[in-house]
Amino acid sequence: MIDWQALQSAVHILAESYTAWLLIFPGIALGMIGGAIPGVSSALILAIVLPATLWMSLLSALIFMTAIYTGAAFGVAIPAILMGVPGSPAAVATSFDGYPMTQRGEHNLALGLALAASTIGHMGAYLILFLGIGVISHAVLRLGPVEMLLLMLWGLTLIAVLRGRYMSRSLLSGLIGVLIATIGLSPRDVMRGTFDVPELLDGVPVVSAMIGLFAASELFNLAGNSYLVQRSDLRNVNVREIARGMVDALRYPVVILRGLIIGATIGGLPGVGAAVCNLVSYAETRRGDKHPETFGKGNPKGVIAAEAGNASSEAGSMATLLALGIPGGASSAVMLAALSLHDVTGGPQFLDSSKDIVYAIILNNFVQGAVMLVLGLGLIGLMANVIRIPVRVLIPVILVLATFGSYSFSGNIVGPITMVVFGFIGWFMQRHDYSVPACVVGLILGGKVEANLLQTYQISGGGQISYFLGRPIALVLLALLLFSLFSRPIMQWWRRQRTTNVLTKA
Amino acid sequence: MPSERQHVTDWEHVFFLTIMLGFLVWYLVDAAAASPTFSNLILIAPVGAAAFILLLYIGAVEIVGRSGVPKTSASDQNELPAESASSRFRAGSRRAIALLMVLFGLFVAAIPYLGLDIASFIFIIATLWLLGERRVIFTLSLALGISAAISIAALALLTFPIPLGIARSLWRAL
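Residues numbered from 1 in each chain as written. Chains lettered and ligands numbered in written order. Predicted model: local features only at pLDDT ≥ 70, side-chain atom pairs only at ≥ 80, totals over all residues. Heavy atoms only, no water.

Participant: Just checking my understanding: could you explain the overall build of chain B for this structure?
Facilitator: Tallying secondary structure elements over chain B gives 8 helices and 0 strands in all. From first element to last, N terminus to C terminus, chain B shows the α and β order α-α-α-α-α-α-α-α. The proportion of buried residues among the 174 residues of chain B is 37%. Split by element, the accessible area of chain B, about 10,000 Å² in all, is 69% carbon and sulfur. (Helix = DSSP H or I, 4+ residues; strand = E, 2+ residues; numbered from the N terminus. Buried < 20%, exposed > 50% of the residue type's maximum accessible area, 1.4 Å probe, protein only. Areas by Shrake-Rupley, 256 points an atom, 1.4 Å probe, with all protein chains shown as cover.)

Participant: Hey, could you run me through the packing of aromatic side chains in this one?
Facilitator: Pairs of aromatic rings are described using the distance from one ring centre to the other and the angle between the two planes. Considering all chains together, one arrives at 18 aromatic pairs over all chains under this definition. Taking 5.9 Å as the distance between ring centres and 80° as the angle between the ring planes, the aromatic pair formed by Tyr-282 of chain A and Phe-295 of chain A counts as edge-to-face. Linking Tyr-282 of chain A in helix 15 (residues 273–288) with Phe-295 of chain A in the loop between helix 15 and helix 16 (300–324), this pair joins segments that are 13 residues apart in sequence. In terms of burial, Tyr-282 of chain A and Phe-295 of chain A fall into one category: buried. By the ring-pair criterion, three or more aromatic residues cluster together here, those being Phe-220 and Phe-424 of chain A together with Phe-104, Phe-107 and Phe-123 of chain B. Here the guanidinium or amino end of Arg-169 of chain A rests over the ring plane of Tyr-166 of chain A, the centre of that ring lying 4.0 Å away. The side chain of Arg-135 of chain B reaches across the aromatic face of Phe-138 of chain B, ending 4.4 Å from its centre. (Phe/Tyr/Trp six-rings, centres within 6.5 Å; stacked < 30°, edge-to-face > 60°. Lys NZ or Arg CZ within 6 Å of the ring centre and 35° of its normal.)

Participant: Sorry if this is basic, but what is going on with the domain arrangement of chain A here?
Facilitator: Interface size is commonly expressed as the accessible area that is lost once the parts come together. Residues and elements named next belong to chain A. Each assigned domain of chain A is listed with its residue range as follows: domain 1 (4–453) and domain 2 (467–506). When each unit is reduced to the centre of its C-alpha atoms, the spacing between domain 1 and domain 2 is 32 Å. Counting each side, the surface lost to burial between domain 1 and domain 2 is near 1,200 Å², with a carbon and sulfur contribution of 69%. At the junction of domain 1 with domain 2, the criterion picks out 1 salt bridge. Between Arg-471 and Glu-147 there is a salt bridge, with its nearest N and O atoms 2.8 Å apart. (Domains from an automatic or database assignment. Buried area = accessible area lost by both parts, 1.4 Å probe. Salt bridge = Lys/Arg side-chain N within 4 Å of Asp/Glu carboxyl O.)

Participant: What am I meant to see in helix 5 (residues 94–114) of chain B here?
Facilitator: Because each turn of an α-helix spans 3.6 residues, side chains separated by three or four positions in sequence point in the same direction. The end-to-end C-alpha separation of helix 5 of chain B is 29 Å, in line with the 30 Å expected for 21 residues at 1.5 Å each. At Val-108 of chain B, helix 5 of chain B shows its largest kink, close to 25°, and the proline Pro-112 of chain B lies no more than four residues downstream. Within the span of helix 5 of chain B, buried status applies to Ala-96, Ile-97, Leu-100, Met-101, Phe-104, Phe-107, Val-108, Ala-110 and Ile-111 of chain B. Structurally, helix 5 of chain B contributes buried residues whose contacts are with helix 12 (206–222), helix 20 (391–410) and helix 21 (414–431) of chain A together with helix 6 (116–130) of chain B. In the stretch just after helix 5 of chain B, Gly-115 of chain B is the one whose phi turns positive, near 95°. (Expected span 1.5 Å × (residues − 1). Bend = angle between axes of the 7 residues up to and from the residue. Contact = heavy atoms within 4.5 Å.)

In structure tokens form, the structure reads like this:
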């Protein structure tokens, strides 16, 4: 479990390396501000600062990068709450309840809830990493495509949860999202739906499509309104209210704990990423709640669950990066590049020989959580003023910034074009009560579901049931998935039956 | 006494469904033509079939109405509670929405020709004017400030070239 000698050495390294501490503040601020711009992902910010890390020590470089990662993980939630525009797919679920809270004038509370959930999720997940980095890395190695498929399907079940007025239209939105996600070169190298455009070989740029569906369509809707929050008396920015939100988050320890366990475990799986953690954590909290119908209408638990899941995925991702040398997503892939700049390769050997560095990073991240709390309180106090800006000013500025972010992400004009096309589609979807979030969930997970489904089919020898029976983790995951889906309806049915029986006897 | 309400088909919705159906059929045909193998269609075929059935169902409900359910008219939908999507469209703003969409499409189309800096400058001025901003100095300052900020970010931070009109020359001159 814990190597006390390495831990002592880590404390010693951190005590001597003052530069590592100095980098926390700019790292978190950079991540938070960058993450708040739609389309500017943590991976992009990390890639921009990557050359600068060459002049730092390995520890300083990793601390600077994890600080950016930490800041960005929360930064993406700010526009999701204030404008319904997630900074990245990792904050999609945050917007479901965060934006309705803003529309009700509860933006201060929502930001406070998100900041606290993000900080606790971050620190809690690093605590899990601290206690069980070895166990986590071994567990990750035992997961194959079938387990990944089940996790993806778990995320996909959110489509049914995200229903608007019409279940059929929400399901159709999700299915269309899944189909759009399969455009491009298939896992078997077959070109589908690309119009022979080479830029579409990698598929539809998901981030640009998401910005279009959420941001552009919502901004189109706002044309004609004066402010994001209509009532002028609710349009205030109150740091005390934000702080109250942070305290309020502590009233939901189960929601936070569930989110951080989901984030720390699922976030460690290569290729899964914070978006899935955010969605699964939200879906599970909604399913487990006594009043699921209040979700999507400004339920504080929705914001807490989504942010705890998102923030805690970083620790999971770091576990596989450091212990196995496998990047969990784009951001940790850039970090892997930073390691290689210092002639270091993550993996079991690194974990054995440099456990003190690993512990130093983990310990530093506890401090990062505390810094984020303080810095976040100040920064979101400033950023929340966006609700005081007239909509006529916000619309062109956000659209230009989103276009820039989209171009930066895709590296060519396909990103902005995708954003425009999906902006129009999103507007029509909203107008006719089709669920935009369900479509985005399908878009995020569709490609991954197909790849893992195909691999599972091939590895299992054409879907042989004996293959599944020989994989206990898959069976446990399947049982959990079925339990999560059907336990509530079954319980409700059973209660109805019991009530009917009692009434009949009476 | 409840009044007998007539079902009114929302033809705009039917048009939207037709577009989706067109995409679905085209994509399924394209995917099958690219490779009609099981491995290529392992996800697309079942998802496409489910989407097709749902499209037909939603289309049928929209055109003929649903039996056993009180039929609502398009005008009734405009009077739904606050969370309804329809209610978000305030009277008189449709023209602004349509023009904003056109402006945004033109802005993105102009980027390769004018550059992001000039296209952004013009787009911000045009959109502010469209949405009712009439302060000239404020409009010009905002347009210039945002265009300059994204140009500096593109030139100083990004490793790949973004089309820029005059910002690159100015950057080099400075």
